[in-house]
Amino acid sequence: MTRRAAITGWGYAVPESVVPNAYFEASVDTSDEWIVERTGIRERRIAGVEESTATLAGGAARRILDRAGVAARDLDLIILATATPEQPVPQTAAFLAADLGVHCGALDLGAGCAGFVYGLVVGAAAVAGGTFDRVLVVGAETLSRIVDPEDRSTVILFGDGAAGVLLEAREDGPGVLAGDLGVDGSAADILAVPAGGSRRPASAETVAQREHYVRMQGQEVFRRAVRAVVDSSESALERAGVASSAVDWFVPHQANLRIIEAARQRLGIPTERTVVNIEHYGNTSAASIPLALAEAADAGRFSPGDTVLLSGFGAGMSWASAVLTWGAR
Ligand code: UT7
């Protein structure tokens, strides 16, 4: 008997407010045409004043549990991946646990846009190893709170949202087959929020220097992203013993349509087997892969037994891929 972690529930929650590209034409030197052509993004969701990373995570978590038919009290562990925590202390997962009314283990995971797949791989290992039976993995972000409204190269890219899955133990059934995780910390500076931590605590100076906003060397991130997604996907596929030609669905991080296209082509995965929803949400960092996964699942695109490849990259530079068979039997 082989014990695996199967995805038995999925769901997402996004803010109601839809912000089209044209909105940014008033505040920075950009155009809808440039944004669509260079990124594939047409609109994104932006959190309202009452919304935060934890409220969005709560909305997603309730849908995930509903879909699985599992009560929150039966959770063993909550892994919440985010780059935009509720506040520095305590962990955002504590707010989510309180919202769900549970006292199980609850931790935050920081691996930028790779955070959700990082959490999925670690959570699945804990389930497969027998430590836990039910692990909730959520990616939740309010990136609109950390983008510099005056920086045209980042303000147009990011959006807000939350999404995730429930992992449950299954014997000889579908589930996570293999994963690949990595980080190249020597490239930490190419995508970062420089201040607000122990190295550079918040001060009047850090605020004046706009160091609490995301700073990104877009081209360098782009170049590394394609390589990371391809190499990491290949490693995960090899560990799973699955050829890339056998992948039924590729669900990549939604950062830039051109990155998705380049990675897809190099992996030899057809367009129609690649899940893309960047045009409606922009880059929602740790929420992006589960949001694409949950939307595709809701639309009935996955069949039981399908082989699904997830791959993400982001700040760190971190990368993470997972290969799984779809189904909840
Ligand atoms: O989730 C992980 C993190 N993020 C990413 O994966 C993002 C990776 N990078 C990217 O997606 C792309 O590099 C960007 C979308 C950020 C930028 O696209 P690009 O094709 O790499 O543009 P670029 O940085 O080479 O800039 C080309 C030009 C520059 O002008 P000059 O110097 O040629 O006059 C930029 O200043 O485009 C300019 N530009 C813009 N123009 C209009 C940059 N942002 C904008 C903008 N509107 N919003």
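The preceding data block contains the structure.
Residues numbered from 1 in each chain as written. Predicted model: local features only at pLDDT ≥ 70, side-chain atom pairs only at ≥ 80, totals over all residues. Heavy atoms only, no water.

*Asks:* Sorry, what's going on with the overall build of the protein here?
*Replies:* Along the backbone of the protein there are ten helices and 13 strands. In terms of C-alpha radius of gyration, the protein reaches 19 Å, essentially the compact-globule figure of 20 Å for 329 residues. Expressed as lengths along the three principal axes of its C-alpha atoms, the size of the protein is roughly 60 × 45 × 35 Å. Among the 329 residues that make up the protein, the fraction classed as buried is 54%. Averaged over its 28 positive side-chain charges, the protein has a centre that lies 3 Å from the centre of its 40 negative ones. (Helix = DSSP H or I, 4+ residues; strand = E, 2+ residues; numbered from the N terminus. Rg over C-alpha atoms; globule rule 2.2 N^0.38 Å. Buried < 20%, exposed > 50% of the residue type's maximum accessible area, 1.4 Å probe, protein only. Lys, Arg positive; Asp, Glu negative; His and termini not counted. Charge placed at Lys NZ, Arg CZ, Asp CG, Glu CD.)

*Asks:* Sorry, what's going on with the side chain of Asn277 here?
*Replies:* Summarising the element assignment, Asn277 is placed in the loop between helix H8 (257–267) and helix H9 (278–281). The exposure class assigned to Asn277 is buried, which follows from its relative accessible area of 6%. Among the polar contacts made by the side chain of Asn277, one reaches the side chain of Glu295 at a distance of 3.3 Å. (Polar contact = N/O pair within 3.5 Å; in protein donor to acceptor, adjacent residues only side chain to side chain.)

*Asks:* Please clarify how a negative patch on the surface should be interpreted in this entry.
*Replies:* Negative charge collects at one region of the surface, where Glu25, Asp32, Glu33 and Glu37 lie side by side. Residue class for Glu25 comes out partly exposed when judged on its relative accessible area of 39%. (Patch = residues over 30% accessible without salt bridge, like charges linked within 9 Å, V, L, I, M, F, W, Y side chains within 5 Å. Areas by Shrake-Rupley, 256 points an atom, 1.4 Å probe, with all protein chains shown as cover. Salt bridge = Lys/Arg side-chain N within 4 Å of Asp/Glu carboxyl O.)

*Asks:* I keep staring at the sheet that holds strand E5 (residues 105–109) and nothing clicks. Help me out?
*Replies:* Two strands in a sheet stick together by hydrogen bonds in their backbones, pointing the same way (parallel) or opposite ways (antiparallel). The five strands lie next to each other as E1-E7-E6-E4-E5, forming an open sheet whose pairing is mixed. Each edge of the sheet is formed by a strand with only one pairing partner; in this case those strands are strand E1 (3–13) and E5. This sheet shows a mean twist of 20° between the axes of neighbouring strands, independent of strand direction. Pairing analysis gives five bridges linking strand E4 (residues 77–81) to strand E6 (residues 134–142), with the strands arranged parallel. Looking across to E6, one finds that Ile79 is bridged to Val137. (Pairing = 2+ DSSP bridges. Axes fitted to C-alpha atoms, helices over the stretch in contact; angles between N-to-C directions.)

*Asks:* Would you mind showing me how to read the pattern of salt bridges here?
*Replies:* A side chain with one charge can pair with a side chain of the opposite charge if their charged atoms come near. Applying the stated criterion across every chain yields a total of 17 salt bridges. One salt bridge in this structure joins Arg210 and Glu150, with 3.5 Å as the shortest N-O distance. Of this pair, Arg210 sits in the loop between helix H6 (204–208) and strand E10 (215–216) while Glu150 sits in the loop between E6 and helix H5 (152–155), and the two are 60 residues apart along the sequence. Its relative accessible area of 60% is what places Glu150 among the exposed residues.

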